[in-house]
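Reading the structure
For reference, the chains in residue letters:
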Amino acid sequence: MHTSVTTIERFILDQEDRYPEATGELSNLLYDICLATKIIAASIRRAGLVNILGASGIQNVQGEEQQKLDILANETLKNCLKHTGRVCIMGSEEDDDIIPVPPEYPVGKYAVLFDPLDGSSNIDVNSAVGTIFSIYRRVSMHGRGTVADVLQPGCKQVAAGYVMYGSSTMLVYTTGQGAHGFTLDPTIGEFLLSHPRIITPRIGKYYSVNESNFPRWGKGMQAAVRGLKGDLTEGLNGVVPKNSRYIGSLVGDFHRNLISGGIFLYPADSKNQRGKLRLLYEASPMAFIAEQAEGSATDGVNRILDIMPEMLHQRTPLVIGSREDVGFVADTVRQVGERNSGAVSQPAL
Ligand code: P6P
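No experiment lies behind these values; they were computed from the predicted model shown.

Notes on the overall build of the protein chain
Secondary structure assignment for the protein chain yields seven helices and 15 strands. On C-alpha atoms alone, the protein chain measures out to a radius of gyration of 20 Å, which is about the 20 Å that the 2.2 N^0.38 rule sets for 349 residues. The principal-axis extent of the C-alpha atoms belonging to the protein chain is close to 60 × 50 × 50 Å. Looking at the protein chain residue by residue over its 349 residues, the buried ones come to 56%. Per element, the accessible surface of the protein chain, about 14,500 Å² overall, is 53% carbon and sulfur. If the 33 positive side-chain charges of the protein chain are averaged to one point and the 38 negative ones to another, these points end up 3 Å apart.

See below:
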């Protein structure tokens, strides 16, 4: 029986055909990233068998204990991208500074940022981890790429995506023509189209947040999360009470909510004044995907994709997922802010 399977390569080409001016470079860059994530997936599947579990004894720029798989994922992505002539500069959660293309290789017109293995603290307990990537067209006019090529607002992304290494390996990406999901068939080593044009429900079933931080949030965020649970003690309007789901891995929590409907929150708090998650290689790519799936993403109040980055590892509060739920949080934060001390213009605490 003929099965109409669409490989990601075929899908990317079909999308490219809609742009007569397309040169195929972005398509090839997306293939390069797919190859890197297949290699990472294979390593993760064997992690329990080969001695690549556990900490490396090295700390990354975030001051976080680098897991061996973090390093392997980071080196795999850099090795799959640096020689292609499609990239002018890279940025990674695992590298202190921007990553130039080695002088022996040509440079191209794209800047690529990535979190090579997000949620890596979950590796040793075999919980979902993922790779997140974000692609911009360079803004520098010539030569080897510069930091300006990566410090662009999320609305300038030309593509973004993530790979979740979960019960199956799934890739979700967008180039601004919707968000589409592919599942890796390990028997043939191909990502096959499994979730064309993902649309996230306007109202979600779940809310995902680390509630142990509740005492450190601002009053507005505390009221909003109470409202998500149907607790209307604030006298504000609420939403249909949601179930709590939180696995401590952005990719895993985001993906569940994207498919089923839900809201993920990592607010700023009195300890993390700018929030914990990073703007360029976590919040912005996920925000691009969320908006392409008819969801939305804010820092609690302001649209993530409008934030102008100032630093490579800049952090941001993040509220992302089902459009009406994200809107409820923003409205609640504003109402509480106006009630307590005048109009709110700063990110929600
Ligand atoms: P917490 C993983 O370390 C991560 O960067 C995200 O993947 C995840 O959403 C968040 O941190 C979890 O943070 O403070 O709840 O453990």
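A few points about the sheet that holds strand β5 (residues 110–118)
Read from one edge to the other, the open sheet built from eight strands follows the order β4-β3-β5-β6-β7-β8-β9-β10, with strand pairing classed as mixed. A single partner strand is all that each edge strand has here, and the edge strands are β4 (99–100) and β10 (190–195). Summarising the sheet, strand β7 (residues 157–165) and strand β8 (residues 169–174) pair through six bridges and their orientation is antiparallel. Looking at β8, one finds that Tyr165 is bridged to Thr169. Against the sheet, helix α3 (residues 68–81) touches β3 (87–92), β4, β5 and β6 (129–137), its axis set at about 160° to β5. Relative to β7, helix α5 (residues 250–260) is tilted by about 105°, and along the sheet it contacts β5, β6, β7, β8 and β10.

Observations regarding unusual backbone geometry
Its identity as a non-glycine residue notwithstanding, Arg197 has a phi of 40°, on the positive side. Looking at the element boundaries, Arg197 is found in the loop between β10 and β11 (206–208). A positive phi angle, near 65°, is found at Glu294, a position not held by glycine. Mapped onto the fold, Glu294 is located in the loop between α6 (279–292) and β14 (296–298).

Section: the packing of aromatic side chains
For the structure shown, the criterion picks out six aromatic pairs. Put simply, the rings of Phe11, Tyr173 and Phe182 pair up and form one aromatic cluster. In this arrangement the basic side chain of Arg256 is found over the ring face of Tyr206, its NZ or CZ atom lying 5.6 Å from the centre.

What about the site of the ligand?
Lining the immediate surroundings of the ligand are 13 residues, of which Asp118, Tyr246, Leu250, Tyr266 and Lys276 lie closest. Asn210 places a side-chain nitrogen or oxygen 2.9 Å from an oxygen atom of the ligand. Contact distances for the ligand include 2.9 Å between an oxygen atom and a side-chain N or O atom of Lys276. Burial of the ligand by the surrounding chains reaches 82%, relative to a free accessible area of 400 Å². For the shell around the ligand, a count of residues per class yields five nonpolar, four polar and four charged.

Examining the environment of Ala268
If you trace the backbone, Ala268 turns up in the loop between β13 (262–266) and α6. A residue is classified by how much of its surface remains accessible, and Ala268, at 1% relative accessible area, is buried. On a C-alpha basis, the gap between Ala268 and Thr6 in space is 41 Å, while along the polypeptide they are 262 residues apart.

Looking at the layout of surface pockets
Considering only enclosed or pocket space, the second largest pocket measures out at about 350 Å³ in volume. Around the second largest pocket, the lining comprises 19 residues; the ones closest to its centre are Tyr19, Ala22, Leu26, Tyr110 and Arg137. Looking at the lining of the second largest pocket, the element that brings in the most residues is helix α2 (residues 25–45), giving four residues.

Side note on the nonpolar core
Membership of the largest hydrophobic core comes to 38 residues, with the highest contact counts inside it found for Leu117, Ile135 and Tyr173. Counting residues per element, this core draws most heavily on α2, at nine residues. Listed in part, the 30 residues of the second largest apolar core include Leu250, Phe254, Ile289 and Leu318.

Looking at the sheet that holds β14
Pairing within the open sheet is mixed, and its five strands lie in the order β12-β11-β13-β15-β14. Where the open sheet ends on each side, the last strands, each with one partner, are β12 (243–244) and β14. In the sheet, β14 pairs with strand β15 (residues 318–321) via three bridges, with the strands oriented antiparallel. Bridging across to β15, Ala297 finds its partner in Ile320. This element, α6, spans β14 and β15 of the sheet and lies at about 30° to β15.

Brief notes about α3
A rise of 1.5 Å per residue sets the reference length of α3, with its 14 residues, at 20 Å; its end C-alpha atoms lie 20 Å apart and thus fit the reference within 8%. The set of residues buried in α3 consists of Leu69, Asp70, Ala73, Asn74, Thr76, Leu77, Lys78, Cys80 and Leu81.

Conventions we followed
Residues numbered from 1 in each chain as written. Predicted model: local features only at pLDDT ≥ 70, side-chain atom pairs only at ≥ 80, totals over all residues. Heavy atoms only, no water. Helix = DSSP H or I, 4+ residues; strand = E, 2+ residues; numbered from the N terminus. Rg over C-alpha atoms; globule rule 2.2 N^0.38 Å. Buried < 20%, exposed > 50% of the residue type's maximum accessible area, 1.4 Å probe, protein only. Areas by Shrake-Rupley, 256 points an atom, 1.4 Å probe, with all protein chains shown as cover. Lys, Arg positive; Asp, Glu negative; His and termini not counted. Charge placed at Lys NZ, Arg CZ, Asp CG, Glu CD. Pairing = 2+ DSSP bridges. Contact = heavy atoms within 4.5 Å. Axes fitted to C-alpha atoms, helices over the stretch in contact; angles between N-to-C directions. Phe/Tyr/Trp six-rings, centres within 6.5 Å; stacked < 30°, edge-to-face > 60°. Lys NZ or Arg CZ within 6 Å of the ring centre and 35° of its normal. Near = heavy atom within 4 Å. Polar contact = N/O pair within 3.5 Å; in protein donor to acceptor, adjacent residues only side chain to side chain. Nonpolar A, V, L, I, M, F, W, Y, C, P; charged D, E, K, R; others polar. 1 Å grid on protein atoms, 1.4 Å probe; cavity = no way out; pocket = protein on both sides within 12 Å on 5 of 7 lines; lining within 4 Å. Points joined across faces, edges and corners; volume = space filled by probe spheres on them. Core = buried A, V, L, I, M, F, W, Y, C linked by side-chain atoms within 4.5 Å. Expected span 1.5 Å × (residues − 1).

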